[in-house]
Every structure is written in C-alpha cells, then in structure tokens.
Amino acid sequence: MSEVKKTELGQLGEFGLIQHLTENIKLKHDSTLKGVGDDAAVLDFNNKKTVVTTDLLLEGIHFDLTYTPLKHLGYKAVVVNVSDVYAMNATPKQITVSLGLSAKMSVEALDELYEGIYAACDYYNVDLVGGDTTSSLTGLTISVTALGEAEESKLAYRSGAKPNDLICVSGDLGGAYMGLQLLEREKQVHANNPDLQPDLSGYDYILSRQLKPEARKEVVQFLDKLNVIPTSMIDISDGLSSELLHICSQSKTGCRLYENKIPIDPTTSMLAEEMNINPIVTALNGGEDYELLFTISQDDYEKFKEAGDINIYIVGHITDESKGAYLVTNADQEVELQAQGWNPIKK
C-alpha cells in the first residue's frame, strides 16, 4: 500500500495556501460584487434586509477527528450556519470561512475539508467570499459566518409567537444525538480492544444525522410558496426543549408540547432503548438535528394539508405566559420543560 502524500502547510505559506484553497471559486450571486482577493468582500443586497450569523467549531469540543471525516466536517460547518439563516425565514447568499490550523494538518487534509465546504456551497447556493487562516496550538478551529437576505415583511424572529399558535417541527428528532452516542461507544470499544472493528451496520441514517446533517431549505421554500410567514422560528441545534423555551421566553408566552406528537425515527428509538436511554429524552435534549421549530397561526393550518412530501409535524400549541411551559406525557401528566440541551460552556 503506497504512502499517502502529505504536504506541510509551511511549504505553501499563508498566501500560497489561500490561493490554493480559493483558486477555483466561482461566484453565483449578483449581490456578490467582490469576493475573495481583496481586503474585504463587497456585497449589494439592494432593498432587502441582510441577516448575519456565525458559529465557532473547536476540535475536541464540537467534533472528534477520530471518527469525523474531514469532508463531512467541512460540509457540516457550512450547514450549521445556513440553518441559522433559514431559521430567520431568509435565504443564505454568502459565507466566510476562517481556520485555526495545527501542525498536524497537511495540505491534502485541508483539501478534504474544503471539498465538503464547496459541496455545501453548491448545494445551498452560497458564495464563499472570504475568511482567514492562522496557526493553532489546540487543534483545528473552524469559524464560519453566513450572510443572507429577506424581505423585511417575511423575517421570522423568536419573539413573535402568540397564544393559540401551533408549534411545528420540520422532521424527526434525536437522531443526531444517538448517532453521536453510537460513535462514542464504538470509539471506546476500539480503544479497549484495537483488534475489534467498529460495528456501525444498520445505522446509516442516524450516523448521517450526526456527521452530515442538512439545513431545511425546502421548508422555507415551501412556506414561501404557501405564503405562510411563521410567527416565530428557530433551528434545533441544542434540543427541542431548549429551543422551544427560547421562543417562549422571547415571545413572553407558555406552551404545551405533546409527547405523542414528537417525531422520532424508529432507528433512533431502537438504539436509544438498546443503550437504556428514553427516546423522548434524545428528542428533547439531544440537539444537532438542525430541523426547524416554528409557530404558525391557526388560520394557516389548512394550507399545510398541501405539504406533500415535506414532513411538518404539529407537536403542540402556544399558551399564555401564566400557564407555563410544559410537556404533556403519554400518561396525560404535565412535566415542566427544562433547558437541558447541550451546553458547550460546560463541556
């Protein structure tokens, strides 16, 4: 077996590396007047409103390179940001990517990472317009900033939910969390017995939910087609419970969330039970599903019968703030919702 070629970053230097990583960029949007290659990008959104969001991913905190392919990581780094843009009911247009690179990274490894970044840019139709690179003493760091646009009248904030609004989720929950639990379990098994190979068969779906999630652009496009503007919206990065409490807090409302309405894939449930985890806990507290959680007026409910192949689930309703935020269990008991989603500060 031939040895894989590894080119040290120092062989290219900073400017050579930037040229290497960006030389094939092709701009997609008229709003991108100037992309990579100057002191700053130049954008022109005309009369639409601009939304900006950024995320920081740290090796050992947000990802483990033991089991995370670099191509998948690059793709996911873009997804987590464009998902935030979609959660404003806006359309992503541009991103910047900044990297902190350790000495163990090679040019070939970065090519893999950027292969995923460019694949995501193509799929979500965004332009890569800039960024920065620097050395890191603590492993790989990835910072992505996404910019998007929307008409002011169509923007959806966390603060617009009203009593009697319906609570909607764009897909099943808990899969990403169980994908992570499976990867961590197999990593530990291999560490204890290096002769054993990881057994991941039958779990492709939940592994993809963790390693290569997708932002729900088609949901935003569908809402626009129906002329439905959510009264509030957020993406599910930290767990259903935490995200719904964000909406309730900023909208000054309460809610009732129904356990029997929360969508959970059978594979997620099966593995959760195998690992002695309550499946509903994975949905409430797991995070990283990047589904959209949003509220709509009951007047718009009839329009959702035309959803077709897009799975949108009604999981509860908004109440007056005085009634609190509760999960209604299958036993018809009310349990107060707690923000127990993933917290990177406490890891």
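Summarised in this report is the structure supplied together with it.

Analysis parameters
Residues numbered from 1 in each chain as written. Predicted model: local features only at pLDDT ≥ 70, side-chain atom pairs only at ≥ 80, totals over all residues. Heavy atoms only, no water. Helix = DSSP H or I, 4+ residues; strand = E, 2+ residues; numbered from the N terminus. Contact = heavy atoms within 4.5 Å. Areas by Shrake-Rupley, 256 points an atom, 1.4 Å probe, with all protein chains shown as cover. Expected span 1.5 Å × (residues − 1). Buried < 20%, exposed > 50% of the residue type's maximum accessible area, 1.4 Å probe, protein only. Phe/Tyr/Trp six-rings, centres within 6.5 Å; stacked < 30°, edge-to-face > 60°. Salt bridge = Lys/Arg side-chain N within 4 Å of Asp/Glu carboxyl O. Pairing = 2+ DSSP bridges. Axes fitted to C-alpha atoms, helices over the stretch in contact; angles between N-to-C directions.

### What to know about the overall build of the chain
So, point 1. Helix and strand counts for the chain come out as nine helices and 13 strands.
So, point 2. A separation threshold of at least 6 residues defines the contact pool for the chain, and within that pool the share at least 24 residues apart is 86%.
So, point 3. For the chain, the exposed area adds up to about 17400 Å²; of that, 47% sits on carbon and sulfur atoms.

### As for helix 7 (residues 240-251)
So, point 1. Taking 1.5 Å as the rise per residue, helix 7 with 12 residues should run 16 Å; its terminal C-alpha atoms sit 16 Å apart, in good agreement.
So, point 2. Three or more residues of helix 7 are buried, namely Leu240, Ser241, Ser242, Glu243, Leu244, Ile247, Cys248 and Ser251.
So, point 3. Residues of helix 7 that are buried in the fold lie against strand 7 (166-169), strand 8 (232-235), strand 9 (253-258), helix 9 (279-285) and strand 10 (292-296).
So, point 4. Residue lysine 252 follows helix 7 closely and has a positive phi angle near 55°.

### Description of the environment of aspartate 111
So, point 1. Tracing the sequence through the fold places aspartate 111 in helix 3 (residues 107-124).
So, point 2. A residue is classified by how much of its surface remains accessible, and aspartate 111, at 32% relative accessible area, is partly exposed.
So, point 3. Taking C-alpha positions, aspartate 111 is 8.5 Å from lysine 71, a pair spaced 40 residues apart along the chain.

### Some thoughts on the packing of aromatic side chains
So, point 1. Scanning all chains against the criterion turns up six aromatic pairs.
So, point 2. Taken together, Tyr75, Tyr86, Tyr123 and Tyr124 form an aromatic cluster joined through their ring pairs.

### Some thoughts on the pattern of salt bridges
So, point 1. The full count for this structure, using the stated rule, is 17 salt bridges.
So, point 2. Lysine 104 serves as the salt-bridge partner of glutamate 59, at 2.8 Å between the closest nitrogen and oxygen. On the criterion of sequence distance, the pair formed by glutamate 59 in the loop between strand 3 (49-58) and helix 2 (70-86) and lysine 104 in the loop between strand 4 (91-101) and helix 3 is long-range, its members being 45 residues apart.
So, point 3. One salt bridge connects arginine 185 with glutamate 274, and the closest N-O pair in it is separated by 2.9 Å. Taken together, the positions of arginine 185 in helix 4 (residues 175-192) and glutamate 274 in helix 8 (residues 266-274) put the pair 89 residues apart, joining distant regions of the chain.
So, point 4. Using a relative accessible area of 27% as the deciding quantity, one classes arginine 185 as partly exposed.

### Description of the sheet that holds strand 9
So, point 1. Taken together, seven strands build an open sheet; the order of strands is 8-10-7-11-9-12-13 and the sheet is mixed. At either end of the open sheet lies a strand with only one pairing partner, and these are strand 8 and strand 13 (334-336). Sheet twist, expressed as the average angle between the axes of neighbouring strands with direction ignored, equals 25°.
So, point 2. In the sheet, strand 7 pairs with strand 11 (residues 313-320) via four bridges, with the strands oriented antiparallel. Residue pairing for strand 11: leucine 166 is matched across the bridge by histidine 317.
So, point 3. On top of the sheet, helix 7 reaches strand 7, strand 8, strand 9, strand 10 and strand 12 (325-328); it is set at about 155° to strand 9, its chief contact.

### A look at the sheet that holds strand 5 (residues 127-135)
So, point 1. Strand order in the open sheet formed by four strands is 3-6-4-5, and the pairing between neighbours is mixed. Each of the sheet's edge strands pairs with one partner strand only, and the pair in question is strand 3 and strand 5. Across this sheet, the average inter-strand angle for adjacent strands is 15°, counted without regard to direction.
So, point 2. Relative to strand 6 (residues 141-150), strand 3 is paired through 10 bridges, and the arrangement is antiparallel. Each residue of the ladder has a partner; that of aspartate 55, found in strand 6, is valine 144.

### Considering unusual backbone geometry
So, point 1. Even without being glycine, asparagine 227 reaches a positive phi, approximately 60°.
So, point 2. By the secondary structure assignment, asparagine 227 is in the loop between helix 6 (217-226) and strand 8.
So, point 3. Positioned with a positive phi, tyrosine 290 is a non-glycine residue whose angle comes to about 55°.
So, point 4. Structurally, tyrosine 290 can be placed in the loop between helix 9 and strand 10.
So, point 5. Tyrosine 290 gets classed as buried once you look at its relative accessible area, which sits at 6%.

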